[in-house]
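Each chain, letter by letter, is given below.
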Amino acid sequence: MNWSEIGYNFIRFIIPLFIAASAFMLKIEKRDHFYLRLLVGILGYTGIAILICNYSENLIIGTWFYTHFFLIMVLTFLYVWFINKVSIKEAMFFAAAAYTIQNLTDNFICLLYLQLGKTTSLVVQWIIFILPYLFTYTLYYFVFVKLIEPKYATMIKNWVFLAILAIVIGIVYVLSMYSTMGSAIVNGVTDESLSTRIYAMISCGLSLLLQFNVFSNTSLEVEKKSLEQVLETENENNIRNQQNYELISMKVHDLRHQIRALKERTDSEEIKASLDSLEEDARIFNTSVKTGNKALDTVLSDRSLYCASHDITLSCMADGSKLSFIKDSDIFSLFGNAIDNAIDALENEPVDKRNIVINVKASFGFIMIHFDNYCETPVSFVDGLPQTTKDKKDLHGYGTKSIAYIVDKYKGTTVFSHNDGLFNVNIAIPIPE
Amino acid sequence: MYKLALVEDSLSDKENLLKKLSQYQQDSQQALTITCFEDGLKFYSNYEPGFDIVVSDIEMPYMNGLEAAKKIRELDKKVQIIFVSKASQYAVRGYEVDAVGYVLKPVTLFTLSELLNKAIKKLTLLNNEYILFNDENGLRKIPIPSIAYIEVRDHDLYYHLDDNKSYRSKRASLSSQEEKLKGKGFSKCNNCYLINLKFVTMIKKDSIIVNNQELPLSRGKKHDFEKDFVSYLGDYL
């Protein structure tokens, strides 16, 4: 075994790559029996890496194409896949990122060596070797590893994923190898120049940026999709509500007629009085408002039943007749979410302040929608959206998000604000001509 | 001091409303002169402008407060109408007379106060406040609601009014006027124009239509301008 060759490979290439690949461990869910797997992983990785390095000379294709780099890359992918609960695609994605950052740093170090000369003392050489890694890996950890949601990696489109792999292998692996070693052999001149290194660094940096960008775009898309899914489920519920509600109001209508008929047939004041109170009770269920838009009527009636039983009043002045260009499902979600948010906020407030104001009006060529409710607790805003005060964050942030999303779909603007103890939602949607 | 008409046929409801109104005056330090009308028919058929706020029951004998209010809206564009109603069904069309809102019986102080606050806010906006400045001819006074937009050009300010007249105020800064007009429904669409949002009829991709004139909307200001516009319309809805 050629130990000095193996040791050199380990220090310069394999160990840094291993660290970069392991960094994802901190973020991803691990497989069962993790520590056992980690032990097997480290031992297996080291063993196979030693073998690969030992035969690296035999693994050259042509004059400069070192396949052992590629084999180590595959090994790294297997290692990531073996210890973490990730799909093959995710493991490839992470291995590619690790390979890229390692290569970037290695080029950076070569650049420093070129500048500072190789004649400096061994201590200085070690410092030049370790400091850049500390620097780039810290950056890599905070900008790349920490910010990504690993679960989105599987959802990257296949062709985008293949393109990334091709770029990483093409630029980071093949091209950098050719530019540093290949060209020297092919042209007979060593081209260890500053510019080659700088180009290599930039390529790696851009490649990493591309990977991160694809990633965050994918996560945005996924979020949009899940938002649409939530809206879809809501819509199904609302259609069911509408049917229930129509049935109830029909029955209540009949019931009140029957009560009235009974009242006329009796002379007993006592019976009349109790029939009166019965009629009054039935009236609560007849909360039908006629705004000129059926979807809006349904959502208002549905919520006012709930409000009536929770001592909340709904003061709604609404011209629904101009809302026809908005899809029913969107009206359900928009008004439903806004009212639900207000209800949530009011349930902890004193009974005499539990009032929700809803105004809908067409003016200036816009549909103006206004909600307000009493809210003493301060509200914090991120990107103009109020932050949920509830514990179940991932589920409940959707209310205001879906309002903004729907309004945005109709090219409208949503403004959430909190002032003078009132929480306000103002919406303007241009009426299509 | 605001003049308020209270139109309510039921005695007990009237007493309750008066109690809440006097409580409101104490809490908010707003002075109201209240005139009571028990006969809705009489109030609405003999209406003469002069009141700032009308608080009116909807369900009254032989009449519907909402329908009746349409007549007074024709006569009086400024008066702020607040309805009192037994049920939402009757008041949901309150927008037809530009009502501030309605309060359900039994009336709570909080809901009534919020509506009165809104009414007073709208009145302040409609009230004639003035801007004074020196133009070429001397000291000039113009009512704020008649300003369509203010333009700055070569260190001078130009006041463009809704009747398309404009006046020049020499050596004045836009930012000082912006400060003065804060909370009065003005917003900048770029660094040269301060717009009265009341006159904005359209926001396009990179311009706005104000008082039938097209003015450029800068990319940097677009977001804030839209937000100001929506808030303005929403709060006075």
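Look above for the structure.
Residues numbered from 1 in each chain as written. Chains lettered and ligands numbered in written order. Predicted model: local features only at pLDDT ≥ 70, side-chain atom pairs only at ≥ 80, totals over all residues. Heavy atoms only, no water.

## Regarding the packing of aromatic side chains
Consideration 1: For the structure shown, the criterion picks out 33 aromatic pairs over all chains.
Consideration 2: Note on F65 of chain A and Y173 of chain A: the rings are 5.9 Å apart at their centroids and 75° apart in plane angle, and the pair reads as edge-to-face. With F65 of chain A in strand β2 (residues 65-66) and Y173 of chain A in helix α6 (residues 158-187), this residue pair connects regions lying 108 residues apart in the sequence.
Consideration 3: Given the relative accessible area of 2%, Y173 of chain A is considered buried.
Consideration 4: On the numbers, 5.7 Å between centres and 65° between planes, the contact of Y149 of chain B with Y193 of chain B is edge-to-face. Of this pair, Y149 of chain B sits in strand β10 (residues 147-153) while Y193 of chain B sits in strand β14 (residues 193-196); the two residues are 44 residues apart in sequence, bridging distant segments of the chain.
Consideration 5: The class of Y193 of chain B is buried, set by a relative accessible area of 14%.
Consideration 6: One aromatic cluster is present, built from ring pairs that chain together F24, F93, F94, W126, F129, Y133, Y137, Y140, F144 and F212 of chain A.
Consideration 7: The positively charged end of R153 of chain B is found above the aromatic ring belonging to Y158 of chain B, 4.3 Å away from the centroid. (Phe/Tyr/Trp six-rings, centres within 6.5 Å; stacked < 30°, edge-to-face > 60°. Helix = DSSP H or I, 4+ residues; strand = E, 2+ residues; numbered from the N terminus. Buried < 20%, exposed > 50% of the residue type's maximum accessible area, 1.4 Å probe, protein only. Lys NZ or Arg CZ within 6 Å of the ring centre and 35° of its normal.)

## Side note on the packing of helix α1 (residues 3-22) of chain A against helix α2 (residues 34-54) of chain A
Residue and element names in this part refer to chain A.
Consideration 1: Where α1 meets α2, the closest approach of the two axes is 10 Å, and the angle between their N-to-C directions is 135°. As judged from the angle between their axes, α1 and α2 are oblique. Between α1 and α2 lies a crossing whose hand is right-handed. Residue-level inspection shows W3, I6, N9, F10, I14, L17 and F18 of α1 in contact with α2, the latter providing I42, Y45, T46, A49, I50, C53 and N54. (Axes fitted to C-alpha atoms, helices over the stretch in contact; angles between N-to-C directions. Parallel < 35°, antiparallel > 145°, perpendicular 65-115°, else oblique. Left-handed = near helix turned anticlockwise from the far one by under 90°. Contact = heavy atoms within 4.5 Å.)

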